[in-house]
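# Residue-level structural notes
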Amino acid sequence: MVETEGVIKFNLTFRTEKLGGVDIGELSAWRTVLKDLGLLGQTPGRYDGYGFGNVSQRCAGGFVISGTQTGKLDAVTLKDYAVCETWDLQRNAVDAKGSVKPSSESLSHASIYDVHESVTCALHAHSPDIWQHSVEMGIPVTEASVAYGTPEMAKEVRRLIVDMDSPGIFSMGGHEDGVFTFGRSLAEAGQLMVHELVRARALI
Ligand SMILES: [Zn+2]
């Protein structure tokens, strides 16, 4: 099953509010690197022109995540992020605030934070190279029948990563080119993503 990006499927309670006091400097720098590598962005001809890829980091009161459909932006500031304050994977619900609504894949990020207390950040990229070679590279893959942004995906993510060390990587079988890394620091998660991209390229 192949899906387009960008459609928020969870029940979002959103409060428009100017964010303050959240340091997104390093997160945004990694976002730029992912964009430079073609792992995040918005490109005609890819995914029907929807933006793809998103980044998040724990912060006081929840986690900060890229806003929905911000992939086209070259540079981002805090107004392009939302803070997810509470979430309920069973009810498929997220409470968030910011100047922009949170990424449509916020629940997958939330499920990672729920499973691993030590994880501080999660990067969601779109890499045909890694995705297509996941099995060959020994990367766990979520069931192809499970769609992103659903309680089933949250359960599936939990199943895959519950015994995984940090940093970790997994691919999303039902979400074309979708790959996640997570870590105890942005350096861990970012470096793993780049490292796995190089491993995949070496197989081509
Ligand atoms: Zn995606």
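All of these numbers come straight from a predicted model, not from anything done at the bench.

Definitions and limits used
- Residues numbered from 1 in each chain as written.
- Predicted model: local features only at pLDDT ≥ 70, side-chain atom pairs only at ≥ 80, totals over all residues.
- Heavy atoms only, no water.
- Helix = DSSP H or I, 4+ residues; strand = E, 2+ residues; numbered from the N terminus.
- Rg over C-alpha atoms; globule rule 2.2 N^0.38 Å.
- Buried < 20%, exposed > 50% of the residue type's maximum accessible area, 1.4 Å probe, protein only.
- Pairing = 2+ DSSP bridges.
- Contact = heavy atoms within 4.5 Å.
- Axes fitted to C-alpha atoms, helices over the stretch in contact; angles between N-to-C directions.

For the protein, the count of helices and strands is six helices and 11 strands. In terms of overall size, the protein behaves like a compact globule, its C-alpha atoms giving a radius of gyration of 15 Å where 204 residues would be expected to give roughly 17 Å. Across its three principal axes, the protein shows a C-alpha extent of roughly 45 × 35 × 30 Å. Relative to its full complement of 204 residues, the protein shows a buried share of 56%.

All right, on to the environment of Gly 183 then. In this fold, Gly 183 is placed in strand β11 (residues 178–183). Using a relative accessible area of 0% as the deciding quantity, one classes Gly 183 as buried.

This next bit is on the sheet that holds strand β8 (residues 121–126). Spatially, the nine strands line up as an open sheet ordered β1-β7-β6-β5-β4-β8-β11-β10-β9, and their pairing is mixed. Two strands lie at the open edges of the sheet, namely β1 (11–16) and β9 (141–142), each paired on one side alone. Examined bridge by bridge, strand β4 (residues 54–59) and β8 share four bridges and lie antiparallel to one another. When the bridges of β8 are listed, Val 55 appears paired with Leu 123. Lying on the sheet, helix α1 (residues 25–36) is in contact with β4, β5 (62–66), β6 (81–88) and β8; it crosses β4 at an angle near 165°.

The subject of this paragraph is the side chain of Ser 103. As for its position among the elements, Ser 103 is in the loop between β7 (93–98) and α2 (106–115). Ser 103 sits in the buried class, given a relative accessible area of 3%. When residues no more than four places from it in sequence are discounted, the contact partners of Ser 103 are Phe 10, Asn 54, Ile 65, Ser 66, Gly 67 and Thr 68.

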